[in-house]
Amino acid sequence: MPKIVDKIIPGKPFYSFEYFPPKTPAGVSNLYERVERMGRLEPLFVDITWGAGGSTTDLTLELSSNFQQQFCLETQMHLTCTNISKESVAEALKAAKANGIQNILCLRGDPPKGEEKWTAVEGGFNNAIDLVKFIRAEYGDYFGISVAGYPEGHIDWYKDEPQISKDNYWKDMQYLKEKVDAGADCIITQLFYDVDIYNQWVKDCRSVGINVPIIPGIMPINTYGGFDRMVGFCKTKVPKAVREGLDAVKDNDEAVKEFGVQFVTDMCRRLIQEGAPGLHMYSLNLEKATIDILTNLGMLKDKSERRSLPWRARIQADGSPKAAEDVRPIYWANRPRSYMARTLHWDEYPNGRWGDNRSPAFGDLTNYHLGEIHIVDEADRRAEWGGDLASPADVHAVFGKYVDGKQKRLPWCCALDKETEGMRANLGALNQAGFLTINSQPRVNAAPSEDPVHGWGGPGGHVYQKAYIEFFCSPETFTKLKGALDGHKTIRYSAVNSKGDYQSTAKGGVTAVTWGVFPDREVAQPTVVSEEAFKVWKDEAFGLWNTQWKSLYPAGSASAGVIQQIHDTYYLVTVVDNDFVNGNIFAPFSDKFNIATN
């Protein structure tokens, strides 16, 4: 159900997030990271604005496509009439459909920067009604179409008078109805802070025959100055209690945020209690206030119930000939965008047993660098792990800082997720002993599928995991470890170096490491280890040493030499403990390396 209107379930309030295209490459890089984090909260959808005066057309298309295809987030793309011809709109819609986007928010748009009056371009559209009609005429019901609603009246009504007149209020209402009658199937409102005004406006919408879902647009209060500018620009009515409360703390940024979170939380709670289908959060590309509000409302507690799989499932557009994707190798767990880019044009996906991934229909897992949408900015990389290196021990220290939470990323992974938090101490001990960990998961035995950390697949089921660790280590360390691993009957390992020398005790080409049992369904096995996929992942994993780390140093420098030494000599090792009931994947490390684990 890719259309937003079809995903809304009466009585089950949802949330969604709006973002805008940043102005700099660094801003885009940071937005990708933020959206990836916020995507784990399982919003019903996200959307991305078109930019004032149509100024961000290409970037909006790029962001929308990547959110949809590589982040697997249902994405609604804004489309405005400002500074855009009918031909350009047609091209944008064509690109949206080609990239699996099936939701459009139609807006007239603001005047171009520096201009006070909005005017249509030659050969363009006069208003959102024209835009809605055009989309329906060209694409029928393929797209879900949202339009904007203004509980306090459109800003244009305020140009000559401080308040909207009764006549103009109803003219505005009639114009909204015309947008719906033209084919819009959802309404998202302009920001507001007076719930009574919103409620009355919704009643008035229903009284004139507007019956599509109306989603309130919510603007968190992040700073006093930002709030003041936004409500001034939008002519938003500010309740007296809000103005007085903010004025009292306007010189204390933390107090402003605290007041804002509490007020908006109370406002949203009332909206939901009084029938709003969900909350569309105008994030302003920030996350803390939005997450604090949703946490206060208790709306994040059941996010695991909305996870159909342990990883974000690829969205299938209506009419797609491909079967739904239901299994992935674990190796890309921390680099899902790379995996999505690699497999974007596969004719079909492996089935629940992974199947014969040598089939041409499954494409291939190559050219990861060609599809990577986000390479960490060089300045950020240098700040995170670009210090001088005298020996591999200095690299080990960097990994240790990452596991301890003292730096937020490595070339192979970003911050540890909640599932891995329970392994942090043991992973830290491993890194101190020279095992450079890049991926892991704990064993899980019949956790409820609603579990807030491990749950997936919907209510009523149970989920299971085999413990898994993946790391780089020196050949000497690996040789020593093998002796310990061989003494544990339930543990299997696979190892490969950059030259392709491969060793494994795994018996069989594919092994499930995550599975779930649910009512009235077959057993799901969505995450696997696979010899062939591991050998492909090894090229990417070793390649990142040079492309993301060695490249920070001058050619021939001691630091570059340390990274090259690790690249050339170390092994990439995966360890799986098949005893998901009582196993201890860290036992071999404790036995042979005197590592204190728990």
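Residues numbered from 1 in each chain as written. Predicted model: local features only at pLDDT ≥ 70, side-chain atom pairs only at ≥ 80, totals over all residues. Heavy atoms only, no water.

1. Considerations on the overall build of the chain
Reasoning step 1: Looking only at helices and strands, the chain has 21 helices and 19 strands in total.
Reasoning step 2: For the chain, the proportion of its 598 residues judged to be buried stands at 54%.
Reasoning step 3: In the chain, the share of contacts with a sequence separation of at least 24, taken over all contacts with a separation of at least 6, comes to 75%.
Reasoning step 4: Accessible surface, the chain: about 25700 Å² in total, of which carbon and sulfur atoms supply 50%. (Helix = DSSP H or I, 4+ residues; strand = E, 2+ residues; numbered from the N terminus. Buried < 20%, exposed > 50% of the residue type's maximum accessible area, 1.4 Å probe, protein only. Contact = heavy atoms within 4.5 Å. Areas by Shrake-Rupley, 256 points an atom, 1.4 Å probe, with all protein chains shown as cover.)

2. A closer look at the sheet that holds strand S18 (residues 524-530)
Reasoning step 1: Across the sheet, five strands lie side by side as S10-S18-S17-S13-S12; this open sheet has mixed pairing. Since the sheet does not close on itself, it has two edges, and those belong to strand S10 (328-329) and strand S12 (444-448), each with one partner.
Reasoning step 2: Across the sheet, helix H19 (residues 531-549) touches S10 and S18, and the angle it forms with S18 is around 60°. (Pairing = 2+ DSSP bridges. Axes fitted to C-alpha atoms, helices over the stretch in contact; angles between N-to-C directions.)

3. A look at unusual backbone geometry
Reasoning step 1: Non-glycine residue Glu-42 carries a positive phi angle of around 60°.
Reasoning step 2: Tracing the chain through its elements places Glu-42 in the loop between helix H2 (25-39) and strand S2 (46-48).
Reasoning step 3: Residue Glu-42 is classed as buried on the basis of its relative accessible area of 12%.
Reasoning step 4: Here the phi dihedral of Asp-520 falls at roughly 60°; this positive angle occurs in a residue that is not glycine.
Reasoning step 5: Looking at the secondary structure, you find Asp-520 in the loop between strand S17 (510-517) and S18.

4. Remarks on the pattern of salt bridges
Where charged atoms of side chains with opposite charge meet at close range, the side chains can pair.
Reasoning step 1: Applying the stated criterion across every chain, the model contains 21 salt bridges.
Reasoning step 2: In this structure, the salt-bridge partner of Asp-185 is Arg-136, at a minimum N-O distance of 3.3 Å. With Asp-185 in the loop between helix H6 (166-181) and strand S6 (186-189) and Arg-136 in helix H5 (residues 128-139), the pair connects residues that are 49 residues apart, well separated along the chain.
Reasoning step 3: Its relative accessible area of 16% is what places Asp-185 among the buried residues.
Reasoning step 4: We classify Arg-136 as buried; its relative accessible area is 16%.
Reasoning step 5: The salt bridge involving Lys-288 is made with Asp-292; its shortest N-O contact spans 2.8 Å. Of this pair, Lys-288 and Asp-292 both sit in helix H11 (residues 288-296), separated by four residues, roughly a single helical turn.
Reasoning step 6: Take Lys-288: its relative accessible area is 59%, and that puts it in the exposed class. (Salt bridge = Lys/Arg side-chain N within 4 Å of Asp/Glu carboxyl O.)

5. A word on the side chain of Arg-409
Reasoning step 1: Position of Arg-409 relative to the elements: it lies in the loop between helix H15 (392-403) and helix H16 (418-421).
Reasoning step 2: When its relative accessible area of 2% is taken as the criterion, Arg-409 is described as buried.
Reasoning step 3: Side-chain polar atoms of Arg-409 contact the side chain of Glu-33, separated by 2.4 Å. (Polar contact = N/O pair within 3.5 Å; in protein donor to acceptor, adjacent residues only side chain to side chain.)

6. Notes on helix H12 (residues 336-343)
Reasoning step 1: Extensive coverage of H12 is indicated by the burial of seven of its eight residues.
Reasoning step 2: Every buried residue of H12 is accounted for by Arg-337, Ser-338, Tyr-339, Met-340, Ala-341, Arg-342 and Thr-343.

7. Considerations on the environment of Glu-476
Reasoning step 1: Residue placement: Glu-476 occurs in helix H18 (residues 475-485).
Reasoning step 2: For the pair formed by Glu-476 and Tyr-571, sequence separation is 95 residues and the distance between their alpha carbons is 9.8 Å.

8. A few points about the nonpolar core
Reasoning step 1: The biggest cluster of nonpolar side chains holds 93 residues, and the ones touching the most others in it are Phe-67 and Tyr-193.
Reasoning step 2: With seven residues, the top contributor of residues to this core is helix H10 (residues 253-273).
Reasoning step 3: With sequence-adjacent residues up to four places away left out, Tyr-193 is seen in contact with Met-219, Pro-220, Ile-221, Phe-227, Val-231, Thr-236, Lys-237, Pro-239, Phe-263, Val-264 and Met-267.
Reasoning step 4: Judged by nonpolar contacts, the second largest core, of 60 residues, contains Tyr-402, Phe-435, Tyr-468 and Ile-469. (Core = buried A, V, L, I, M, F, W, Y, C linked by side-chain atoms within 4.5 Å.)

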